[in-house]
Amino acid sequence: MKEFDVVVLGGGPGGYVAAVRSSQLGLRTAVVEKENLGGVCLNWGCVPTKSLLQNAEVVHLLSRGRTFGFEADHLSANFAGAHKRSRSVVTRQVRRIQLLMKKYSIAVYEGAGSLRGTNQVEIEPSGERLGARNIIIATGARPRELPGNPFDDERVVQYRKAVDMKELPSSAVIVGGGPVGMEFATLWTRYGVKVTVLEMLPRILPLEDEDISAEAERQFKRSGMHVFTGARVEEIRRDDKGANVRFVTGGKAEEVFADKVLVAIGFAPNSENLGLEQSGVFVTRGYVDIDLQMRTSVPNIYAIGDVTGKSGLAHTASAQAMIAAEAIAGCPTEALDYRNIPRCTYAYPESASVGLTEKQAREQGHEVMVAQAPFAANAKALAMDENFGFVKLVGEAAGKKLLGVHLIGAHVTELIAGPAALVRKGARVEELGCTVHPHPSLSETLMEAAHALMGRAIHI
């Protein structure tokens, strides 16, 4: 039986990062992955969807040729070509991770790993066992099914099937108005699919600031989507032609027919059949309990990523991975404040946020000041013909501490990292406003919002 300092179960954005960091710290490391390195994010989630969305952005831009002084009257969009490009992007990235494993001398085992006690991992179907001084659980999560309406890979599908379609349906119902649902809604709408979105909660993108959600819904409807909020799905009836979705909204029953139904209502942790209970690892509602160093109830077993239920984001998993590896190596670590991790939706419009929403800040007892700066006043946004959306800042009235930053508009996911650093450091709004931003750039709207919060806006 081979012995390792660290054995990681799962090779996704948490697992492979944990392995690389462990190896960098001089620990003999192995990864057990049952499918592909990179996990869901790289192979069937974040990366291929962003590739497809880029194709959709090009299609959308070409459809607006007259705005930019050219004509594309006979435009033909080949979605099979977009799918092929997305898979090539995935292939290149997987190869890069494979090269990382070789560079850092990380042993990679194909199969499903499970615990056999606190210091052994068994791999199926081979039955091989690995000795492990420390174990990191990074097994991720899977899509939740709509109760009573299981996935069938034909009429009612989940994101993994949706991202691998080579041909698009003529119509689709998307159940769930969170990031996954709205990204597919954007992609399909831009390729001419008739899209209906059903969100059970009172607003689209329900985890975002209320003003962001309201603007997002306006823009989504403007793009041609049919959006229903407060919509509870009662029944999905399938046949050879498609599916009838019956739902209730505002006390009224309605029905919509579509070729496909994409269910995007959240995720369930992959914590079954891992030998957790037998090994003494505590689990709450399927999620593995962890402390600030990602350590479980068993001192040498750690957990990171979606299986912990802390934050279902790839970059959260990677951040947790670094902490777990460093804790195993005996390095000092800094606790993650999950409120200060950026949240991004790559739909059209994009949204990005970090810190507290206005409502959360008030509920936590802060005396709050807020300000907005529209992209309509931004020269770069006008030059791009993307002059909608805004930046919203949430600040503390007394010390002007920056509590939250919320953006909606074109390419705003590229603007959130800097504000995230300021929120993490407890910076004041003035520090954002006094930072000179390049002109012309979309980022200037962040500075303008800070000026507005300080009562000295220049351009609005």
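Preceding this paragraph is the structure being described.
Computed from a prediction, not measured in an experiment: that's the story for all the values here. (Residues numbered from 1 in each chain as written. Predicted model: local features only at pLDDT ≥ 70, side-chain atom pairs only at ≥ 80, totals over all residues. Heavy atoms only, no water.)

Undergrad: Would you mind going over the overall build of the protein chain with me for this structure?
TA: For the protein chain, the count of helices and strands is 14 helices and 24 strands. A globule of 460 residues ought to have a C-alpha radius of gyration of about 23 Å, and the protein chain, at 23 Å, matches this closely. Along the first, second and third principal axes, the C-alpha set of the protein chain runs to 65 × 60 × 45 Å. Out of the 460 residues in the protein chain, the part that is buried amounts to 52%. Contacts spanning at least 24 positions in sequence make up 62% of the contacts within the protein chain whose residues lie at least 6 apart. Taken as a whole, the protein chain presents about 21,000 Å² of accessible surface, with 50% of it coming from carbon and sulfur. (Helix = DSSP H or I, 4+ residues; strand = E, 2+ residues; numbered from the N terminus. Rg over C-alpha atoms; globule rule 2.2 N^0.38 Å. Buried < 20%, exposed > 50% of the residue type's maximum accessible area, 1.4 Å probe, protein only. Contact = heavy atoms within 4.5 Å. Areas by Shrake-Rupley, 256 points an atom, 1.4 Å probe, with all protein chains shown as cover.)

Undergrad: What's the story with the pattern of salt bridges in this structure? I'm lost.
TA: Note on pairing: side chains with opposite charge can pair once their charged atoms come close. The full count for this structure, using the stated rule, is 25 salt bridges. Where Lys392 meets Asp211, a salt bridge forms, and the shortest distance between an N and an O atom there is 2.7 Å. Linking Lys392 in strand S23 (residues 390-396) with Asp211 in helix H7 (residues 210-222), this pair joins segments that are 181 residues apart in sequence. Classification of Asp211 by relative accessible area gives partly exposed; the value is 30%. Salt-bridge contacts for Glu358 lead to Arg362; the nearest nitrogen and oxygen are separated by 3.0 Å. (Salt bridge = Lys/Arg side-chain N within 4 Å of Asp/Glu carboxyl O.)

Undergrad: Mind showing me how you'd approach the sheet that holds S23 here?
TA: Two orientations exist for strands paired in a sheet by backbone hydrogen bonds: parallel and antiparallel. Taken in spatial order, the five strands make up an open sheet running S20-S21-S24-S23-S22, and their pairing is antiparallel. The open sheet has two edge strands with one neighbour each: strand S20 (343-345) and strand S22 (368-374). Across this sheet, the average inter-strand angle for adjacent strands is 10 degrees, counted without regard to direction. One ladder, built from six bridges, connects S23 with strand S24 (residues 402-409); its direction is antiparallel. Directly across from Phe390, in S24, lies its bridge partner Ile408. Relative to the sheet, H7 contacts strand S21 (350-355), S22, S23 and S24, its axis offset from that of S24 by approximately 0 degrees. (Pairing = 2+ DSSP bridges. Axes fitted to C-alpha atoms, helices over the stretch in contact; angles between N-to-C directions.)

Shape is all these values report; function is a separate question.
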